[in-house]
Amino acid sequence: MKVIQRHRPVLFCGVAALALAPALPAIAQDASADAEETTRRLSEITVTATRREASIQDVPIAVTALNPVELERQGIQDLRTLDQLSASFNLNSSQTESQGTTIRIRGVGTTGNNIGLESAVGVFLDGVYLARPGIALGDLVDLAQIEVLRGPQGTLFGRNTSAGALNITTQKPNLEQIDGFANATYGNLDFVNVQGGISVPLVKDQLGLRLSGAYRVRDGFVESTAGDGSIDSNDRDRFLIRGQLLWEPTPDISIRLIGDYAEANEECCDAGLIQESNVFLPGLLPGGASFANLSGLPNQAGAPASGFDAAQNQQISNAEQFSNPFEQWGISGQLDWNLGFANLTYIGAFRDFFAESVQETDFVELDVFSVAGVTAANPGLDDTPSFDDITSQTHELRLQGTLFDNRLDWLVGGFYSNEQIQEIAPLTLGADYQIATSVLFQPLVAGTPLAPLLGPNIANTLAQGVDANGNFALNEFNQDSTSFSFFTHNTFSVTDQLDLTVGLRYVNEDKDGTFEQLAATGVADSACFNTLTNPLIGPGGAAESLGGLAVALACFPFSTTIDIAALVPGAPTPQEFDGNFDDDELVWTVKGNYALSENINLYAGFTHGFKAGGFNLDSSAAVFGADPSFLSEEIDAFELGIKSDLFGGRVRANASVFHQELDNFQVLEFTGIQFVTFNVPEALSTGAELEVTARVLDQLTLNTAMTYANARYPNDCAPGITDPNVTNLCGADLTNAPEFVGIWGATWEDNFSLGGRDLSYFGNLNVRFETDRRTSTQPTVVGSDIPLPFDIQDANTKLNLRVGIGSADGRWQIEGWAVNLTDEVTRNVTFNVAFRGGTFLAGALGPEAIGRGIFTSEPRTYGVTLRTKF
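This is a predicted model, so every value here is computed, not measured.

Participant: What exactly am I supposed to notice about the overall build of the protein here?
Facilitator: Looking only at helices and strands, one finds 14 helices and 44 strands in the protein. For the protein, whose C-alpha radius of gyration is 29 Å, the value lies close to the compact-globule estimate of 29 Å for 870 residues. Residues counted as buried form 60% of the 870 residues belonging to the protein. If you take every contact in the protein between residues at least 6 apart in sequence, the share linking residues at least 24 apart comes to 72%. When the accessible surface of the protein is split by element, carbon and sulfur atoms take 57% of a total near 31,500 Å².

In structure tokens form, the structure reads like this:
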């Protein structure tokens, strides 16, 4: 391939002109003075999206490159709020951040909260694949760049990048001189963030050491009514340290070693009750009583704070304390060796991630159940936390060079990874479990002859008087996953204007998944067994009509012993499994890149991507002997784009249109009783993206990023499928996929003198708008057209503002800032709260019978930051 150094910009079209209309006349007037006004030119951005360093304008990929200054000015300390800068990016967390984090690009992602599911958006840190989104949520400190690669990237970036990839790179050690930085921040919610780093050349031009770290604490913003009112959740308390060695013994050899350690001790993640089920609210019965009163519960029934204002506006919950501490460490090494005829790169890494979780995920003050072994009846399990332990090692070897007078740029390589997962999952039923579930029977028996027969505590009666308090199970899940692949990625310059890229990757995935129950309540003491064998709900029994519900509630799969299945054939109870999943796929891409001029490029391409299937690592996965595995996900993606640098390099405009077809799209749904994983035969994402940056004046830069993405299940998404969980999705939008997202920003920077000192100042305003989006997995009650309440998060706008002043040489700077200036709190996830009403009551009592919980975004934060560099 003939290497042509040209500023290949991004699209500039009518949309771009409208976005920057006020600025364009001024730009046009000054076009003749380009040579004299080089300060207005935008700096060139170099990316490694093709595993080669190249101008962002020269790569035929839709990519957003973000530098540390851009991240700092939007208050982005980790990946959670990266959507303030990338319109196609979305990240949200639910029950835990270690498991329940989902990353989406162009509306496509894999719903979290099951450790067996891998993300459709791959995250790579200094070339190393991070196995789960929760692992990638560490603090962003001492960065060189973040690249958001949109669309499937499986040819070069390896595993599970069917929706896109994040390529994160950190600063290398400085081999020439000592440099360093320190930042200190204080804000509301007692927010403290301290970051620092130093680089020292141990042997000038050959060996360098770099150390960096961060410490961040903040009070929680979700406050609970439980206890003495001092409980809060969604706080921050974390620490990170990273060390690097860079050795360049010769001009042809570079060796980089990186080690990091991070830990957190946080309370996460509580949810508010945005809709209390009407079976728990007074007013449905004569005299203003509630069905909960019939079971002996008082008004409010453990949830004094509910409704839109309490749950979303005020961010108030009702649950006990949550805890989700974690620690992780990793080491990696990279060798780059110029062999003369080619460059050899090897990257090897090992990482261990350990996260605990103790949660009162009934989300009310009642003692319904706890995700921990806290039963006094089993003292050996007291305070046993749920935990995940993920260890992974990866090895990648690449060889790349050029042939035919540099017209062919070739690359071949291989990749190997091994990942081992252990999950220990205890769950214990509490003293209020049966009385809370009895409320759900009351609308079905009230006013019938069954009411006096069953009494107020119906669940206890149907369990033949056996108290469920203390019923528990301690379950272990393991998965051993091995992946290897061979790949090639080649670019051939057909002419000086036309480049053709062809990439292939053969991927093989092999997974062994197991579920074993380590301990559980004895059969005779189990409310589940005694309910299953109660003649009242058997054939011809007086309460036969309640049998299905009675069993579903009494045999909560996370706390039920597997021994019941041997004694009661066909019982819907957990079953152990030991299975193997094996799949392979050829991933490939073909792209063309045509230079219309020195500053305008067109590109078009097709990519076939792949994300491996695996096992639903959940107690309910093999109920009734079901297959606990799920299929691999495949994607075919078409893309057309243009990149341009205009007006003497003072405007950069990039645009793309895309269409993505996903087969066997992987979905996880919490039904209110169990987690269900399944494949939807077809999902689609179609849309367009535009990114424009303009240096309007020497001091003023404007930017915009807009994404239209119609991410949806087609009306015929499941031909031949009868599973209502699947067919109910057809015709609905994908979850958390707004059709339109727009980001607009303005930055003013200038220098001045004061008292003989040269100073600089800046002001930055960033606005993000999104249209409404769905926040639940299902759009309606399964098998009906009854809409799930509060599924739709309305359109909203969020503003960030930052101003600063400092020395002109950048030695020091002080900043004032506000993130989410207007305090716009939005819903990330909406779900059915376990045992708080239910969809089965919606037909008779309306959608108001469903208790709905929400996980919310962060409220307004503000503060002051001091920075120094040396």
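Participant: How should I be thinking about the state of the cysteines in this particular structure?
Facilitator: In a disulfide, the sulfur atoms of two cysteines are covalently bonded to one another. Under the definition given, this model contains 3 disulfides. Each disulfide pairs two cysteine sulfurs, and for C268 the partner residue is C269, the sulfurs being separated by 1.6 Å. A relative accessible area of 2% means that C269 is categorised as buried. Through a disulfide, C717 is tied to C730; the S-S separation comes to 2.0 Å. The S-S bond linking C717 to C730 shows a torsion near -80 degrees; that makes this disulfide left-handed. In this pair, C717 is assigned in the loop between β35 (700–712) and α13 (724–727) and C730 in the loop between α13 and β36 (740–754), connecting sequence segments 13 residues apart. Since its relative accessible area comes to 22%, C730 is described here as partly exposed.

Participant: Looking at this structure, I do not really get the packing of helix α7 (residues 433–445) against helix α11 (residues 547–554). What am I missing?
Facilitator: When two helices pack together, you describe them by how their axes are tilted relative to each other and by the distance separating the axes. Between α7 and α11, whose axes approach to 11 Å, the crossing angle comes to 160 degrees. Between α7 and α11, the interaxial angle falls into the category roughly antiparallel. In this structure, the crossing between α7 and α11 has a hand that is right-handed. From α7, Y433, T437, L440, F441 and L444 reach across to α11, where they touch L549, A550, L553 and A554. Here the residues of the contact of α7 with α11 are counted per class, giving 8 nonpolar, 1 polar and no charged.

Participant: Any chance you could explain the pattern of salt bridges here in plain terms?
Facilitator: For side chains of opposite charge, pairing can occur when their charged atoms come near one another. In the structure shown here, the tally under the stated rule is 28 salt bridges. In this structure, R132 engages E419 in a salt bridge whose closest nitrogen and oxygen atoms are separated by 3.1 Å. Here the residue R132 occupies a position in the loop between β8 (128–130) and β9 (143–150), and E419 occupies one in strand β25 (residues 408–429), the gap between them amounting to 287 residues. Owing to a relative accessible area of 2%, E419 belongs among the buried residues under this scheme. Among the salt bridges present, the one from R774 reaches D791, with a minimum N-O distance of 3.0 Å. Residue R774 is located in strand β38 (residues 773–774), and its partner D791 is located in the loop between β38 and β39 (792–793); the two are separated by 17 residues in the primary sequence.

Participant: Explain the side chain of E267 here, please?
Facilitator: Checked against the element boundaries, E267 lands in the loop between β17 (253–264) and β18 (272–275). Buried within the structure, E267 lacks any salt-bridge partner; its nearest side chain of opposite charge belongs to R236, at an N-O separation of 11 Å. Excluding residues within four positions of it along the chain, E267 makes contact with D232, S233, N234, D235, Q321, F322 and S323.

Participant: Can you help me understand the packing of aromatic side chains in this one?
Facilitator: The relation between two aromatic rings is expressed through the spacing of the ring centres and the mutual angle of the planes. Applying the stated rule across the entire model yields 26 aromatic pairs. Its guanidinium or amino end placed over the ring of F157, R51 lies 4.1 Å from that ring's centre, counting from NZ or CZ. The ring of F280 carries R836 above its face, with NZ or CZ at 3.8 Å from the centroid.

Participant: Looking at this structure, I do not really get the sheet that holds β9. What am I missing?
Facilitator: Either a parallel or an antiparallel arrangement is found when strands of a sheet pair, and the pairing is made through backbone hydrogen bonds. Pairing is mixed across the open sheet formed by 5 strands, whose spatial order is β3-β9-β10-β7-β8. Whereas interior strands pair on both sides, the edge strands pair on one side only; in this sheet they are β3 (63–66) and β8. Here the average twist between neighbouring strands, direction ignored, is 20 degrees. Pairing analysis gives 5 bridges linking strand β7 (residues 121–125) to strand β10 (residues 164–170), with the strands arranged parallel. When the sheet's bridge partners are listed, V123 is paired in β10 with L166.

Participant: Can you help me understand the sheet that holds strand β19 (residues 316–317) in this one?
Facilitator: Here 3 strands make up an open sheet; going across it, the order is β15-β14-β19 and the pairing mixed. Every interior strand has two partners, whereas the edge strands, β15 (232–233) and β19, have only one. By the bridge criterion, 2 bridges tie strand β14 (residues 222–224) to β19 in an arrangement that is parallel. Across the sheet, the residue bridging to E223 is I316, located in β19.

Participant: Sorry if this is basic, but what is going on with α7 here?
Facilitator: Note on helix geometry: an α-helix contains 3.6 residues per turn, so any two residues three or four positions apart are oriented the same way. Relative to the 18 Å expected for 13 residues at 1.5 Å per residue, α7 spans 19 Å between its end C-alpha atoms, a close match to the ideal helical length. Most pronounced at V439, the bend in α7 amounts to some 30 degrees, and the proline P443 follows within four residues. Of the positions making up α7, those classed as buried are Y433, Q434, I435, A436, T437, S438, V439, L440, F441, Q442 and V445. Of the residues flanking the end of α7, it is G447, one or two places downstream, whose phi is positive at about 80 degrees.

Participant: I would appreciate a short explanation of α11 in the present structure.
Facilitator: For α11, the tally of buried residues reaches 6 of 8 residues, placing the bulk of the element in the interior. Taken together, the buried positions of α11 are occupied by G547, L549, A550, V551, L553 and A554. On its buried face, α11 sits against α7, α9 (458–462), α10 (527–532) and β42 (827–837).

Participant: Before we go on, may I ask you to explain the pairing of strand β11 (residues 179–187) in this structure?
Facilitator: It is a general feature of regular strands that their side chains alternate between the two faces of the sheet. Inspection of the sheet shows β11 paired to strand β12 (residues 191–203) by 9 bridges, in the antiparallel sense. Each bridged residue has a counterpart across the sheet, and for D179 the counterpart in β12 is S199. In textbook terms, the turn of a hairpin is the stretch between consecutive antiparallel strands, and for β11 and β12 this stretch comprises 3 residues, one of which, L189, has a positive phi near 60 degrees. In this sheet, strand β44 (residues 861–869) lies alongside β11 in antiparallel orientation, the contact comprising 7 bridges. If you follow G187 over to β44, its bridge partner there is G863.

Participant: Would you mind going over the pairing of strand β33 (residues 651–670) with me for this structure?
Facilitator: Of all 20 residues in β33, 14 are buried; the element is thus mostly enclosed. Hairpin connection, β33 to strand β34 (residues 675–695): the antiparallel pair is bridged by 4 residues, and G672 has positive phi, about 105 degrees.

Participant: Just checking my understanding: could you explain the environment of A718 for this structure?
Facilitator: As for its position among the elements, A718 is in the loop between β35 and α13. When the C-alpha atoms of A718 and V680 are compared, they prove to be 6.5 Å apart, with 38 residues separating the residues in sequence. Apart from the residues within four sequence positions on either side, A718 is in contact with P681, V726, T727 and C730.

Quick notes on the rules
- Residues numbered from 1 in each chain as written.
- Predicted model: local features only at pLDDT ≥ 70, side-chain atom pairs only at ≥ 80, totals over all residues.
- Heavy atoms only, no water.
- Helix = DSSP H or I, 4+ residues; strand = E, 2+ residues; numbered from the N terminus.
- Rg over C-alpha atoms; globule rule 2.2 N^0.38 Å.
- Buried < 20%, exposed > 50% of the residue type's maximum accessible area, 1.4 Å probe, protein only.
- Contact = heavy atoms within 4.5 Å.
- Areas by Shrake-Rupley, 256 points an atom, 1.4 Å probe, with all protein chains shown as cover.
- Disulfide = S-S within 2.5 Å.
- Axes fitted to C-alpha atoms, helices over the stretch in contact; angles between N-to-C directions.
- Parallel < 35°, antiparallel > 145°, perpendicular 65-115°, else oblique.
- Left-handed = near helix turned anticlockwise from the far one by under 90°.
- Nonpolar A, V, L, I, M, F, W, Y, C, P; charged D, E, K, R; others polar.
- Salt bridge = Lys/Arg side-chain N within 4 Å of Asp/Glu carboxyl O.
- Lys, Arg positive; Asp, Glu negative; His and termini not counted.
- Phe/Tyr/Trp six-rings, centres within 6.5 Å; stacked < 30°, edge-to-face > 60°.
- Lys NZ or Arg CZ within 6 Å of the ring centre and 35° of its normal.
- Pairing = 2+ DSSP bridges.
- Expected span 1.5 Å × (residues − 1).
- Bend = angle between axes of the 7 residues up to and from the residue.

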